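# Secondary and tertiary structure notes
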Amino acid sequence: MTMPPNPFRPGAGHPPPYLAGREAEKRTFQRLLVQNAITENLVLSGLRGSGKTVLLESFKHLATASGWLWTGTDVNESASIAEGNLATRLCADLAIKTSSIVVAEKQSMAPGFTSAPETLRQGLGFDKLKQVFTETPGLPLDKLKAAIEHGWEALSRAGGGIRGVIFAYDEAQNLADHAEKDQFPLSLLLDAFQSMQRKGLPLMLALAGLPTLYPKLVDSRTYAERMFRSVFLESLSGPETRDAILKPIENNDRIVLAEETVGEIVEMSGGYPYFIQFICREVYDAFTVRSDKGRGGKVPVREIEEKLDTDFFSGRWSLATDRQRELLTIIASLDHCGHEFSISEIVEKSKETPMRPFSASNTSQMLAVLATQGLLYRNRFGKYTFALPMFGGFIRRQMKRE
């Protein structure tokens, strides 16, 4: 009998075979969908591997089922370099939804033929929206609002029971202002949507990104605290993790996971969706070649850790200098390194190691650099957290190797 293909799919944004948990987050988003006037937008944040992209995609289905149009993409650094780049991004995304709306018609007769003239229809595509942007007098904010409002007016006239448009952007932590270049694309985005929402236009933002996203929004515009509903993705609970492991194979009689095996995967994954998919894929492949179909099989922990370290952690680790790695090693030796830690705790811990101690100022500077590299982030309470789940365990294993 042919073995069913491996159902587990670790990857960047790949939907799992079963989306476990996240019911509270879905309810929060559904409340945003029924606002009579848009007063709250969505910020979805979490560590890498917590399932932000997958959950955002599931929100898309909820939104479209409720009559909303959904548009957007990943935010790369180039879109946030200048205000004009961001405006181009928004116009291009809106044009995907407006291009089928006919805004002009004209008759065309092919030369040398006596057949009936052909009716040429022009849709409200990107060129038209960008033309509105370019020809509107005033600041970039005035131009962007004019282009988006023009697109929404065309959509609302077209009918079809559209409730509104959601502009959804993943990797939104890449959005930033650049005061040194006199460019403020993040502020432009916030100002434009706040202004249009004050007018009563049903245009909503849904932003997903690393935990640095929400503080960055508030730093740019203090009113962002009142403009967004912030949802932070924690790891899955034990029962939810079990569902993510067992639901995809519940009708698969070619492999059986013993209770001990499931418990090992729950503990090893920490409840993070990416790790669950990664570990389960490896376990599935390992157990399918066993004659007992996995009954009583032991999870190949060491082999999986080696592959996980290579595929998920090593790329980030390679960004750090030797001295930065020493600092990260000290952090990993803290009992609570998987949660929050402070500069003073790092300084004190460094005194207990054979390494050259770290001062408070030196630690602060190095943490700032490590944050820009995506290895950790500073929360609004002045403490720091690893940006990668279970990164401390990787560092400890790496130190043993080295």
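Note: the structure precedes this text.
Quick caveat, the model's predicted, so the values are computed rather than measured.

Our focus in this paragraph is the pattern of salt bridges. Here the structure, examined in full by the defined rule, presents 13 salt bridges. Lys 26 is paired through a salt bridge with Glu 23; the nearest N and O atoms lie 3.7 Å apart. Highlighted residues: Lys 26 and Glu 23, both in helix α1 (residues 23-33), separated by three residues, approximately one helical turn. Among the ionic pairs, Arg 89 bridges to Asp 93, the shortest N-O distance being 2.8 Å. Here Asp 93 and Arg 89 lie together in helix α3 (residues 83-98), a separation of four residues that amounts to about one turn.

This brings us to the packing of aromatic side chains. Across all of its chains, the model carries 18 aromatic pairs by this definition. Measuring from ring centre to ring centre gives 6.5 Å for Phe 8 and Tyr 284, while their planes differ by 65°; the resulting arrangement is edge-to-face. With Phe 8 in the segment before α1 and Tyr 284 in helix α11 (residues 273-288), this residue pair connects regions lying 276 residues apart in the sequence. One exposure class covers both Phe 8 and Tyr 284, and it is buried. Residues Phe 275 and Phe 313 carry aromatic rings whose centres are separated by 5.9 Å and whose planes lie at 55° to one another, so their mutual orientation is tilted. Of this pair, Phe 275 sits in helix α11 while Phe 313 sits in helix α12 (residues 301-317), and the two are 38 residues apart along the sequence.

Right, let's get into unusual backbone geometry. The residue Glu 171 is not glycine, and still its phi comes out positive at about 55°. As for its position among the elements, Glu 171 is in the loop between β5 (164-170) and α6 (185-198).

So, on to helix α5 (residues 140-158). The end-to-end C-alpha separation of α5 is 27 Å, in line with the 27 Å expected for 19 residues at 1.5 Å each. Looking at the packing, one finds that the buried side of α5 touches β2 (68-74), α3, α4 (126-135), β5, α6 and β6 (203-209).

Calculation criteria
Residues numbered from 1 in each chain as written. Predicted model: local features only at pLDDT ≥ 70, side-chain atom pairs only at ≥ 80, totals over all residues. Heavy atoms only, no water. Salt bridge = Lys/Arg side-chain N within 4 Å of Asp/Glu carboxyl O. Helix = DSSP H or I, 4+ residues; strand = E, 2+ residues; numbered from the N terminus. Phe/Tyr/Trp six-rings, centres within 6.5 Å; stacked < 30°, edge-to-face > 60°. Buried < 20%, exposed > 50% of the residue type's maximum accessible area, 1.4 Å probe, protein only. Expected span 1.5 Å × (residues − 1). Contact = heavy atoms within 4.5 Å.

Functional significance is not addressed by these values, which are geometric in nature.
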